[in-house]
Amino acid sequence: MNYKLRFILGDQLNYNHSWFREKPDHTTYVMMEVTQETDYVQHHIQKIVGFFSAMRNFKAYLQKEGFNIIYLTLDDPANKQSIPENLRQIMVEQQITLFEYLLPDEYRLDKQLKDFAESLQIETHAHDTEHFLTQRTDLAMFFKSRKQYLMESFYREMRKKHHILMDGEEPMGGRWNFDKENRNKLAKNVQVPPLRSFKHDVSDLVDMLWAMDIKTIGEIDPLNYHWPVSRAEALAYLAHFLQYNLPLFGTYQDAMHTQHQFLFHSRISFALNTKMLHPKEVVEAAVQQWQENQHTISVAQIEGYVRQIIGWREYMRGVYWAEMPEYEQLNALNHQRKIPSFYWTGKTKMNCMGHAIRQSLQHAYAHHIQRLMVTGNFGLLANIHPDDMDAWYLGIYIDAIQWVEITNVRGMSQFADGGIVGTKPYVSSANYINKMSNYCQSCHYLPKKRYGHKACPFNSLYWNFYDQHRDKFENNPRIGMMYHLWDKMEPMEKNLILEQASRYLDAIEDL
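Each chain carries its own residue numbering, running from 1 in the written order of its sequence. In keeping with the predicted nature of the model, local features appear solely for residues at pLDDT of at least 70, side-chain atom pairs appear and are counted solely at 80 or more, and the whole-chain, interface and lining totals rest on all residues. Hydrogens and waters are ignored; side-chain quantities use all the structure's heavy atoms.

1. Some thoughts on helix α7 (residues 203-211)
Considered for burial, the residues of α7 that qualify are L205, V206, M208 and L209. Buried residues in α7, looked at end-on, bunch into an arc of 160 degrees, giving them a common side. Residues of α7 that are exposed and angled more than 90 degrees away from the buried face: D204, W210 and A211. Directly beyond the C-terminal end of α7, a positive phi value near 60 degrees is found at D213. Type-normalised accessible area, obtained with a 1.4 Å probe on protein chains alone, sets the label of each residue: buried when under 20%, exposed when over 50%, and partly exposed for intermediate values. Helix and strand assignments follow DSSP, with helices taken as H or I runs no shorter than four residues and strands as E runs no shorter than two, numbered in order from the N terminus. Within this analysis, the arc is defined by the directions that extend from the helix axis to the C-beta atoms.

Put into structure tokens, the structure is as follows:
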């Protein structure tokens, strides 16, 4: 008789996986909290608490359904703090003759578990997590005869393949992409919906982390932990978003505001990335909400949301598996500067940076434009090493798992991949930030000044970036206009801008 052991990682909490439609006879499931995972990067405390809470709820669900499960808490005396070592110990104790696991989404864990399985003298199998709409190799196959990856092409194929927002062979609304309608600053008369949140008491987990001397970043209120940590709670977050936020999501998805940290965003990325929710069920629920409420929800709102999930999310995962492990070493622009200390404290006179960073430290969350066009934008303009940027993003955000973090950061945000993910660097001066937010209104710096007293650092660093990397970007058709504008400036004007940038970079810790 086979005694089967099945291993589940903390981001594989798929309540509807086919494993759990089988009879649990002679099968033991195992989950574990290990310092191997808490310590490979310094994480936000809310991130670790979120994962452990969600894992424990999943364990309770499986037990309720009659499955036999071994769950090692972080402080269990028997815990060896290593996934392979814990598995070996359990296999001996349980006399296991068959080992199965779900394919990890991170390269490092995929390699670790593959090597571990190959070292065993028993039968082993790896199974799909049954979560994504694509397989690991789909994107590479889709682009195998093309010179470059292009998200828009991939996105359209996904829409057609899964028949999402399609009118026969044509896209709903007559266009594939309504991005131009999704770039609005928050209007003064717009009412931002109330937040949907929970009030979990996670004191026991926080106490355990402190007792185990786990090094974390960020803040937490142990009596009011608001993130969804079960499938039922994730569905409640989704339902709230669809009812209250979707009608204006697309219009204001790029907006930023000091009084509204979350605006119209769903905040279900943690639930999606831990697999408590399935992307297709989210998209189908959103499309149904739109279909039933087209008098209040325009096609631009629903298209903007669908594009984030079946476009960018699946695209980034495909790039990850097509380009790893070499991808995590890429530094195409040869940026070497150490990340400034204010990324860890939020203590800076730049109001946009201070607000986005403090929000991240407080909530373990910032939406995509805060990540891309504020903290990421500054990192790229300041020549910060992509390793530092990766570590910061991977640690500080509750939804950050390497497959989605590194392609967004090293690729889209820092252009360290040389253009694999995107066709141009995402940089801007203060003009964009001022256009999309109210950050500049109360800032120490002046958004229209390029140099001189209180000149916004984003302005001189922006032109310095293009001047510094002219050899790489001058012939890029998407940004050639910037060089045309730069060349039209008077030589003295250009020198003053570059001198200002040099002073700011030399005194970067004082910005």
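2. What about the packing of helix α8 (residues 231-252) against helix α10 (residues 279-292)?
Working note: a packed helix pair is described by the angle between its axes plus the distance between those axes. Geometry is summarised by axes, namely lines fitted to C-alpha atoms with helices restricted to the contacting stretch, and by angles between N-to-C directions that run from 0 to 180 degrees. Taken N-terminus to C-terminus, the directions of α8 and α10 make an angle of 30 degrees; their axes are 10 Å apart at the nearest point. Relative to α10, α8 is oriented roughly parallel. For the pair α8 and α10, the sense of crossing is right-handed. Listed contacts from α10 to R231, L235, L238, L242, Q243 and L246 of α8 are E281, V282, A285, A286 and Q289. Considering only residue class, the contact of α8 with α10 consists of seven nonpolar, two polar and two charged. By the definition adopted for this analysis, an angle is roughly parallel if under 35 degrees, roughly antiparallel if over 145, roughly perpendicular if from 65 to 115, and oblique otherwise. Handedness of each helix crossing follows the sense of rotation of the near helix against the far helix: counterclockwise by less than a right angle gives left-handed, clockwise gives right-handed. Every residue pair with non-hydrogen atoms within 4.5 Å of one another is taken to be in contact. When residues are sorted by character, Ala, Val, Leu, Ile, Met, Phe, Trp, Tyr, Cys and Pro go into the nonpolar class, Asp, Glu, Lys and Arg into the charged class, and all the rest, Gly among them, into the polar class.

3. What about the packing of aromatic side chains?
Classification of ring pairs uses Phe, Tyr and Trp, with its six-membered ring standing for Trp, and accepts pairs whose centres are within 6.5 Å; under 30 degrees between planes counts as stacked, over 60 as edge-to-face, and the remaining range as tilted. Summed over the entire model, instances satisfying the criterion amount to 41 aromatic pairs. Between F154 and Y315 the ring centres are 6.1 Å apart and the planes differ by 50 degrees, which places this aromatic pair in the tilted class. Of the two residues, F154 is situated in helix α6 (residues 151-162) and Y315 in helix α11 (residues 299-323); the sequence distance between them amounts to 161 residues. Across the pair, Y315 and F154 agree in class, each one buried. With a centroid separation of 5.5 Å and an interplanar angle of 70 degrees, the aromatic rings of Y466 and Y483 are classed as edge-to-face. Placement of Y466 in helix α18 (residues 457-468) and of Y483 in helix α20 (residues 480-488) is noted, with a sequence separation of 17 residues between them. With relative accessibility at 3%, the residue Y466 sits in the buried group. Relative accessible area serves as the criterion here: at 3%, Y483 is assigned to the buried category. Among the aromatic side chains, those forming a connected cluster through ring pairs are F415, Y462, W463, F465, Y466, F473, Y483 and W486. In our convention, an over-ring charge means Lys NZ or Arg CZ found within 6 Å of a ring centre and within 35 degrees of that ring's normal. If you follow R136 out to its NZ or CZ, it ends over the ring of W321, 3.8 Å from the centre.

Just distances and angles here, no functional claims.
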